[in-house]
Structure formats: structure tokens, C-alpha cells
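# Tertiary structure, described
Next come the chains, spelled out residue by residue.
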Amino acid sequence: MCRALVSALALTLLLATTSDGASSVGCRDLGFTETLVCSKCSRLEEMVKDEQLAKECRGCCSEDVDDAAASVKAASAVLEVCT
């Protein structure tokens, strides 16, 4: 009975994946956040030359948004360090 329950749970986790094949929990375990955009995966592949890592990244990313507001950058920022 316990073995069947574990098998059913594993199957449920496999089916509860995103359309790209990676679950949000699995992506977090791989070190990717929910805010990951696919353009960053291309940049990652250029820098580390690791096809498997890039494939995992693409399985966890969201398409980039072509929103003018998304490309607005702040003129300055203040970093406060508390010790």
C-alpha cells in the first residue's frame, strides 16, 4: 500500500509541471526563481557553455515582456548597510 502511495505521489508530481516540463519546486531546487526570464538563459549559456544548464534554465523561465515600463531604469539608488 505504501509503495503504491509513493508511486501515485511521484506520478502526481510529474504531472504537476509547467508546460516547459519543470515544476516550480524543481526550479527552486535548481536555483532558479519565479522571476527568471528566458533571455537570461541565453546569456547564461553564452557565459558558461553548459547546454544542460541552459536547458534546465529554459524549462524554468518565462517569456520576456516587451513592455516599455519594464525597461525603465532608476537614475540612482541608495544602499543602506546595517551592522
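Residues numbered from 1 in each chain as written. Predicted model: local features only at pLDDT ≥ 70, side-chain atom pairs only at ≥ 80, totals over all residues. Heavy atoms only, no water.

### Concerning the overall build of the protein chain
Going by this rule: A helix here means a DSSP run of H or I that spans at least four residues, while a strand means a run of E at least two residues long, and both kinds are numbered starting from the N terminus. Accessible area is worked out with a 1.4 Å probe on protein chains only. A residue is then buried under 20% of its type maximum, exposed over 50%, and partly exposed in between. The contact rule is simple, with two residues in contact once any of their heavy atoms fall within 4.5 Å. Every accessible area reported is derived by Shrake-Rupley at a probe size of 1.4 Å, with residue values counting cover from the shown protein chains alone.
In terms of helices and strands, the protein chain carries four helices and zero strands. Helices and strands appear in the protein chain in the N-to-C order α-α-α-α. Burial analysis of the protein chain (83 residues in total) assigns 13% to the buried set. Taking the contacts inside the protein chain whose residues are at least 6 apart along the sequence as the reference set, 60% of them involve residues at least 24 apart. Accessible surface, the protein chain: about 7200 Å² in total, of which carbon and sulfur atoms supply 59%.

### Describing the packing of helix α3 (residues 38-48) against helix α4 (residues 51-60)
What counts, and what does not: Axis lines are fitted through C-alpha atoms, for helices just across the contact stretch, and the angle between N-to-C directions can take any value from 0 to 180 degrees. These descriptions rest on fixed angle ranges, namely under 35 degrees for roughly parallel, over 145 for roughly antiparallel, 65 to 115 for roughly perpendicular, and the rest for oblique. Only Asp, Glu, Lys and Arg are considered charged, only Ala, Val, Leu, Ile, Met, Phe, Trp, Tyr, Cys and Pro nonpolar, and every remaining residue, Gly among them, polar.
Contact geometry of α3 with α4 gives a least axis separation of 9 Å together with a crossing angle of 170°. One finds that α3 runs roughly antiparallel with respect to α4. Counting all contacts with α3, which are made through C41, S42, L44, E45 and V48, the residues of α4 involved are E51, L53, A54, C57 and R58. Here the residues of the contact of α3 with α4 are counted per class, giving six nonpolar, one polar and three charged.

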